[in-house]
Amino acid sequence: MVKPTSPPEETDDNDPTLESLAERLGKPGPGIIEALLDGTTESQLVERGRQIASSRILTDLRRLYATAHACWSSASKEKREKLRGYSPELLAIAVDQALALERLLEAHESAGQKKDAARATTDAALRERLSRALLQRDQAYEVLRGVAGSGKAAREELAQAVGTAEDPGALARGLTQLTALGKRYLAQKKGPLVVRAKLMRLDQDYIERLEETAKELTQAARTAAARPAGQKVTSGDLDRADGINLILLEQIVRVFERANEQDPSIPRLVPIATRRLFSRSIRKKATETSGGGGGAAGSGSAGSGGAGGAPPDEEDPLEGDDAVV
């Protein structure tokens, strides 16, 4: 659901991002999300997602999934037994769907709606990476130009390799081609070219740095291509993605809740930004045993839902009048 973006929740700077979690967990296999959603209709997904803003869901997903991953990674065999119902594969699909929601929200906002601070930061980081890569490419061109010499064929080959910088993909291809040319030069063992390579300080370490820059830029180009730029993302698309993420979040939260009841050292995953969907009214415990009479109970007020005088139960993040069903 699209609503004004709330301020980002303060989290531990050491918490892994959704992107780094996805790298650690790997890409989920085909057909998993379809199996998890089997029996849930499109209208149910949309209705569920309509209850809360997408940005609030993402706030909890980033924090809680990092906690879940950290807990499982350090858990003993006994603790993992108490976490039955959870698996790294389940978290992998949950993180994958969270990233899909993040991309949808970015595309929706970039279409002319309010942009949040996170997108502005991402764009600034991408521009900085492009600027650094362009400087490295120009430097590499000068180095390889000195190594190639003044021969016409060598100069033409170099000009062809450098390419253009019209977009991240084109710049990455140019760096890759310059890297390949540099490797070819280094492979020669004698002759004037070897002397020129030494004078220009063309070595394996420099080539590896160029290669790493090309890989980083290639990944950035793929990410940009994966983002549905120019594609109209409707509120219904976002609501559906919200619904899917709420289903997965609820499953993981419930597993940790039950595990915490068995072993308090296992953390509860308490939603904060989405607590309205996961909270319940405070219940009162009955003070009588199953064989006791009703005379000990006080006269509870209307709608209290329990025996008078009973202590309130701790607030549970999993159920409630407005809880996710």
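Residues numbered from 1 in each chain as written. Predicted model: local features only at pLDDT ≥ 70, side-chain atom pairs only at ≥ 80, totals over all residues. Heavy atoms only, no water.

Visitor: I would appreciate a short explanation of unusual backbone geometry in the present structure.
Guide: Generally, phi is negative for residues other than glycine and the peptide bonds are trans, each holding for most cases. Positive phi is not limited to glycine here, since Arg-201 has a value of about 60°. The residue Arg-201 is located in the loop between helix H10 (192–199) and helix H11 (204–226) in this model. A relative accessible area of 69% places Arg-201 in the exposed class. (Helix = DSSP H or I, 4+ residues; strand = E, 2+ residues; numbered from the N terminus. Buried < 20%, exposed > 50% of the residue type's maximum accessible area, 1.4 Å probe, protein only.)

Visitor: When you look at helix H6 (residues 88–110) in this model, what are you seeing that I'm missing?
Guide: Here H6 spans 33 Å end to end across 23 residues, near enough to the 33 Å set by a 1.5 Å rise per residue. Of all 23 residues that make up H6, 17 are buried, and the element is covered over most of its length. (Expected span 1.5 Å × (residues − 1).)

Visitor: Would you take a moment to explain the packing of aromatic side chains for this structure?
Guide: Aromatic rings in a pair are described by how distant their centres are and how their planes are angled relative to each other. Tallying each qualifying case throughout the model produces two aromatic pairs. A ring pair is formed by Trp-72 and Tyr-86, whose centres lie 5.3 Å apart and whose planes are at 55°; its orientation type is tilted. Separated by 14 residues along the polypeptide, Trp-72 in helix H4 (residues 54–74) and Tyr-86 in the loop between helix H5 (77–82) and H6 bring together distant segments of the chain. Tyr-86 matches Trp-72 in its accessibility class, with the two residues each being buried. Note on Tyr-86 and Phe-256: the rings are 5.5 Å apart at their centroids and 80° apart in plane angle, and the pair reads as edge-to-face. One end of the pair, Tyr-86, is in the loop between H5 and H6; the other, Phe-256, is in helix H12 (residues 235–262), with 170 residues separating them in the sequence. Across the pair, Phe-256 and Tyr-86 agree in class, each one buried. Ring pairing ties together the aromatic residues Trp-72, Tyr-86 and Phe-256, which thus form one cluster. (Phe/Tyr/Trp six-rings, centres within 6.5 Å; stacked < 30°, edge-to-face > 60°.)

Visitor: Which parts of the structure should I look at to understand the side chain of Asp-263?
Guide: Looking at where Asp-263 falls in the secondary structure, it is placed in the loop between H12 and helix H13 (275–278). Although Asp-263 is buried, it makes no salt bridge; Lys-79 carries the closest opposite charge, 4.7 Å away. The contacts of Asp-263, once residues within four sequence positions are left out, are Lys-79 and Lys-82. (Lys, Arg positive; Asp, Glu negative; His and termini not counted. Salt bridge = Lys/Arg side-chain N within 4 Å of Asp/Glu carboxyl O. Contact = heavy atoms within 4.5 Å.)

Visitor: Teacher, can you tell me more about helix H3 (residues 42–49) here?
Guide: The periodicity of an α-helix, 3.6 residues per turn, causes residues three or four positions apart to be oriented the same way. Here H3 has its buried residues at Leu-45, Val-46, Arg-48 and Gly-49. Seen from one end, H3 has its buried residues packed into an arc of 165°, which puts them on one side. Those residues of H3 hidden inside the fold are in contact with H12. (Arc of directions from axis to C-beta.)

Visitor: I would appreciate a short explanation of the pattern of salt bridges in the present structure.
Guide: Two side chains with opposite charge may pair up if their charged atoms get near one another. This model, assessed by the stated rule, comprises 14 salt bridges. The closest approach of N and O atoms between Glu-42 and Arg-240, which form a salt bridge, is 2.6 Å. Placement of Glu-42 in helix H3 and of Arg-240 in helix H12 is noted, with a sequence separation of 198 residues between them. For Arg-240, a relative accessible area of 32% puts it in the partly exposed group. Between Arg-84 and Glu-81 there is a salt bridge whose closest N-O contact spans 2.9 Å. Judged by relative accessible area, Glu-81 falls into the partly exposed class, the value being 43%. Via salt bridges that share partners, Glu-47, Arg-50 and Asp-239 belong to a single interconnected network.

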